[in-house]
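Coordinate inspection notes
As a plain string of letters, each chain reads:
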Amino acid sequence: MKRMMKSALIATGIMMLATPVLPAFADTPADKEQSRAQQLMGDIAPKLAELTDDVLYADVWEREGLSKRDRSLITVSALVAMNRPAQLRSHIGLALRNGVTKEEVVETITQMAFYAGWPNSVTAVSIAREAFEAFDTQQAQ
C-alpha cells in the first residue's frame, strides 16, 4: 500500500506538467484516480503502464542509492541526449520539484550540447522555457 501511495504521488507530480490527459478507462471506478501512465497508455498498453507505475516510479525512483534530485538530473540528461521533448517537458518539471534549479537545468542542457549534439540542446532549451513557465504558473496558484 505504501508503495502504491508513493507511486501515486510521483505520478501526480508528473501529471502536473505533462501533456494533455487522455480519457479515463471506461471500467475504472470514478473514485479511483489514474496515474499519468495509466492515462497516457493504459488503454492500449496496460502492462507498460503498470510497469511504469510499479517498477520505474515505485521502485527505481525510490531506491536509496541516488537522491531524487540526482535521478532527475540524470533523466533530464538522457532525454536531452535522446531528443525526447515530450518526456523532457514533464521531467524538467519533476526535476524542479525535486530541488534542481532552473540554472542547473540550463547548465545540464548546455553541457549536453557537446555530448549529445547541438540540435538536441537547442530543442531542449525551448522545452525548458515551456516547463519553467508551467512550473512558475503552478507555483503562483
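Points about the overall build of the protein
Along the backbone of the protein there are seven helices and zero strands. Per-residue burial over the protein gives 35% buried out of 141 residues. Contacts in the protein between residues at least 24 apart in sequence constitute 55% of all its contacts with a sequence separation of at least 6. Accessible area of the protein: about 8,600 Å², with a carbon and sulfur share of 60%.

Considering the packing of helix α5 (residues 85-97) against helix α7 (residues 118-140)
α7 packs onto α5 with a crossing angle of 45° between their chain directions and a minimal axis gap of 9 Å. With respect to each other, α5 and α7 are oriented oblique. Where α5 crosses over α7, the two elements pack in a sense that is right-handed. On α7, the residues that touch Pro-85, Leu-88, Arg-89, Ile-92, Gly-93, Leu-96 and Arg-97 of α5 are Thr-123, Ala-124, Ile-127, Ala-128, Glu-130, Ala-131, Phe-132, Phe-135 and Gln-138.

Digging into helix α4 (residues 68-82)
The α-helix advances 3.6 residues per turn, and as a result positions three or four apart in sequence lie on the same side. Taking 1.5 Å per residue as the helical rise, α4 with its 15 residues ought to reach 21 Å, and the 21 Å between its terminal C-alpha atoms agrees with that figure. The complete set of buried residues in α4 reads Arg-71, Ser-72, Val-76, Ser-77, Leu-79 and Val-80. Of the surrounding secondary structure, the elements contacted by the buried residues of α4 are α5, α6 (102-116) and α7. Looking one or two residues beyond α4, the residue adopting positive phi is Asn-83, at roughly 55°.

Re the confidence of the model for the protein
On average, residues of the protein score 84 in pLDDT, and 77% of them reach the 70 mark or higher. Long-range and interchain partners of residues 1-31, a stretch whose pLDDT sits below 50, account for 48 contacts in this model, where long-range means more than four residues apart.

A short note on the environment of Ser-72
Position of Ser-72 among the secondary structure elements: in helix α4. With a relative accessible area of 1%, Ser-72 lands in the buried category. With 20 residues separating them along the chain, Ser-72 and Ile-92 place their C-alpha atoms 7.7 Å apart. The residues contacting Ser-72, other than those within four sequence positions of it, are Trp-61, Leu-94, Ala-95, Asn-98 and Val-100.

A closer look at the nonpolar core
Of all hydrophobic cores here, the largest spans 18 residues; its most connected members are Val-80, Leu-88, Ile-92 and Val-105. Of all the secondary-structure elements, those providing two or more residues to this core are α4, α5, α6 and α7. Setting aside anything within four residues of it in sequence, one finds Ile-92 in contact with Val-76, Val-105, Ile-127, Ala-128, Ala-131 and Phe-132.

Examining a nonpolar patch on the surface
On the surface, a cluster of nonpolar side chains totalling about 270 Å² of accessible area is made up of Leu-51, Val-55, Leu-56 and Val-60. With respect to the helices, strands and loops of the structure, Val-55 is situated in helix α3 (residues 46-57). Here Val-55 falls in the partly exposed class, since its relative accessible area comes to 37%.

Analysis parameters
- What you see as residue numbers is a count from 1 along each chain, following the sequence as written.
- Under the rules for a predicted model, residues below a pLDDT of 70 receive no local features and side-chain atom pairs below 80 are neither given nor counted, while totals for whole chains, interfaces and linings still include all residues.
- Working from all heavy atoms in the structure, the side-chain values ignore hydrogens and water.
- Helix and strand assignments come from DSSP, with helices taken as H or I runs of at least 4 residues and strands as E runs of at least 2, each series counted from the N terminus.
- Only protein chains enter the calculation, and the probe is 1.4 Å; a residue is then buried if its accessible area is under 20% of its type maximum, exposed if over 50%, and partly exposed in between.
- Should any heavy atoms of two residues lie within 4.5 Å, those residues are considered in contact.
- For the accessible areas, the method is Shrake-Rupley and the probe is 1.4 Å, while residue cover comes only from the protein chains on display.
- To get an axis, fit a line to the C-alpha atoms, keeping to the stretch in contact for a helix; angles then go from 0 to 180 degrees between the N-to-C directions.
- Oblique is the label for every angle not falling under 35 degrees (roughly parallel), over 145 degrees (roughly antiparallel), or within 65 to 115 degrees (roughly perpendicular).
- Crossing handedness: left-handed means the near helix sits turned counterclockwise from the far one by under a right angle, and right-handed means the same turn made clockwise.
- Residue count minus one, scaled by 1.5 Å, sets the expected span of a helix.
- Predictor confidence is given residue by residue as pLDDT, running from a minimum of 0 to a maximum of 100.
- Among buried residues, those of type Ala, Val, Leu, Ile, Met, Phe, Trp, Tyr and Cys that are joined through side-chain atoms within 4.5 Å constitute a nonpolar core.
- What makes a patch is a set of residues exposed beyond 30% relative accessible area and free of salt bridges, joined within 9 Å when like-charged and within 5 Å when nonpolar (Val, Leu, Ile, Met, Phe, Trp, Tyr).
- Here a salt bridge means any side-chain nitrogen of Lys or Arg lying within 4 Å of a carboxyl oxygen belonging to Asp or Glu.

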